[in-house]
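One-letter residues, chain by chain:
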Amino acid sequence: MSMRTASIAGVMPDIAVRQAHSDDQHRFERLIEPHLGDAFAFAQAQSADRSAAQDAVQSAAFKAWRRLPQLRDDSSARSWFLAIVVNECRSAWRKRKAAPSEADPADDAIDWPPAVDQRLDVRSAMARLKRDDRVVLSLRFLMDMSVEESARVLGISVSALKARTARA
């Protein structure tokens with residue numbers, strides 16, 4: 001092998017790796033960025049602590065980036081990403097619950113979008129719900145997800161989601 005061939009062979013894999021990384025980054029941004037607002041709204045509804053909600057979404061975005069090759073159908077990116085956000089919120093809640101000195105942030109006021117009718121005491125009612133019920137109602141009504149998409153996010157059947165929604 002000549003010196004010229006050896007230097008080209010050493011550069012080509014680096015270029016290919018950089019191009020693949022760039023393609024993945026563009027795909028990731030295109031798929032996830034439109035859903036960051038929804039993800040934050042959901043996380044904020046689960047934890048009244050704004051910084052905890054930001055942390056959950058950031059952690060979920062990092063995990064989504066690492067798991068991008070697992071996403072087979074780009075049209076299901078919203079459900080796929082929000083499922084990761086749901087899991088991050090659950091994980092954060094478990095950690096907070098394990099810490100004896102910290103109160104459940106659900107007892108604090110939730111920063112709802114201004115469109116929510118202030119005459120109803122939605123915040124108080126949501127704070128009194130069990131965490132799983134709050135998750136279901138947040139997906140269905142705050143995020144305006146269909147029954148099918150909500151069930152996909154939670155990894156449960158449509159009938160189970162309907163039952164949970166009715167119970168909540």
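Residues numbered from 1 in each chain as written. Predicted model: local features only at pLDDT ≥ 70, side-chain atom pairs only at ≥ 80, totals over all residues. Heavy atoms only, no water.

**Focus on the overall build of the chain**
The line we're drawing: Counting from the N terminus, the helices are the DSSP runs of H or I reaching at least four residues and the strands are the DSSP runs of E reaching at least two. Buried means the residue's accessible area, taken with a 1.4 Å probe over protein chains only, is under 20% of the maximum for its type, while exposed means over 50%, and partly exposed covers the values in between. The contact criterion used is simple: two residues touch if any of their non-hydrogen atoms lie within 4.5 Å.
Secondary structure summary: the chain contains 8 helices and 0 strands in total. Secondary structure of the chain in N-to-C order comes out as α-α-α-α-α-α-α-α. Across the 168 residues in the chain, those meeting the buried criterion constitute 36%. Long-range pairs, those at least 24 residues apart, make up 63% of the contacts in the chain with a sequence separation of at least 6.

**Some remarks on helix α7 (residues 147–154)**
Among the 8 residues of α7, 6 are classified as buried, and the element is accordingly described as predominantly covered. All buried positions along α7 are accounted for by V147, E149, S150, A151, V153 and L154. The positive-phi residue at the C-terminal boundary of α7 is G155, with phi of around 70°.

**As for the packing of aromatic side chains**
Heads up, the rule is: Side-chain rings of Phe, Tyr and Trp, where Trp is taken by its six-membered ring, are said to pair if the distance between their centres is within 6.5 Å; with planes under 30 degrees apart they count as stacked, over 60 as edge-to-face, and otherwise as tilted. The criterion is that NZ of a Lys, or CZ of an Arg, lies within 6 Å of the ring centre and within 35 degrees of the ring normal, and then a charge sits over that ring.
Taken as a whole and assessed by the stated rule, the structure comprises 1 aromatic pair. The ring of F141 has R140 sitting right over it, with the charged end atom 5.2 Å from the ring centre.

**Observations regarding the pattern of salt bridges**
Cut-off, in case you're wondering: By salt bridge we mean one thing: a side-chain nitrogen of Lys or Arg within 4 Å of a carboxyl oxygen of Asp or Glu.
Summed over all chains, the structure comprises 6 salt bridges. The residue R30 makes a salt bridge to D74 at a minimum N-O spacing of 3.5 Å. With R30 in helix α1 (residues 3–32) and D74 in the loop between α3 (50–66) and α4 (77–98), this pair connects stretches of sequence that are 44 residues apart. Where K63 meets E88, a salt bridge forms, and the shortest distance between an N and an O atom there is 2.6 Å. Taken together, the residues span a long stretch of sequence, with K63 in helix α3 and E88 in helix α4 at a distance of 25 residues. The exposure class of K63 is partly exposed, given its relative accessible area of 27%. According to the relative accessible area criterion, E88 is buried, its value standing at 11%. One salt-bridge network, in which partners are shared between bridges, spans R27, R30 and D74.

**Comments concerning the packing of helix α2 (residues 36–46) against α3**
Cut-off, in case you're wondering: The axes used here are C-alpha line fits, helices contributing only the stretch in contact, and every angle between their N-to-C directions lies in the interval 0 to 180 degrees. In this scheme, roughly parallel covers angles under 35 degrees and roughly antiparallel covers those over 145, while 65 to 115 is roughly perpendicular and the rest are oblique. Whether a crossing is left-handed or right-handed is set by the direction in which the near helix is turned from the far one by less than a right angle, anticlockwise for left-handed and clockwise for right-handed. Put simply, Ala, Val, Leu, Ile, Met, Phe, Trp, Tyr, Cys and Pro go in the nonpolar bin, Asp, Glu, Lys and Arg in the charged bin, and everything else, Gly too, in the polar bin.
For the pair α2 and α3, the least separation of the axes is 8 Å and the interaxial angle reads 135°. Judged by the angle between their axes, α2 and α3 are oblique. Considering only the axes of α2 and α3, their crossing is right-handed. Contact residues: L36, A39, F40, A43 and Q44 in α2; R50, A53, Q54, A56 and V57 in α3. When grouped by side-chain class, the residues that make up the contact of α2 with α3 number 7 nonpolar, 2 polar and 1 charged.

**Examining empty space enclosed by the protein**
Worth spelling out the cut-off: As defined here, a cavity is a set of points on a 1 Å grid over the protein atoms alone where a 1.4 Å probe fits but cannot get out. A pocket is an open set with protein on both sides within 12 Å along at least five of seven lines, and residues line them when an atom is within 4 Å of a point. Grid points are joined across faces, edges and corners, and a volume is the space filled by probe spheres set on the points.
Counting across every chain of the model gives 1 cavity of 30 Å³ or more. Taken as a whole, the largest cavity spans an internal volume of roughly 50 Å³. A43, Q46, S47, A52, A53, A56, C89, A92, R96 and R131 are the residues that line the largest cavity. Going through the elements one at a time, α2, α3 and α4 are the ones with two or more residues in the lining of the largest cavity. Split into classes, the residues belonging to the lining of the largest cavity amount to 6 nonpolar, 2 polar and 2 charged.

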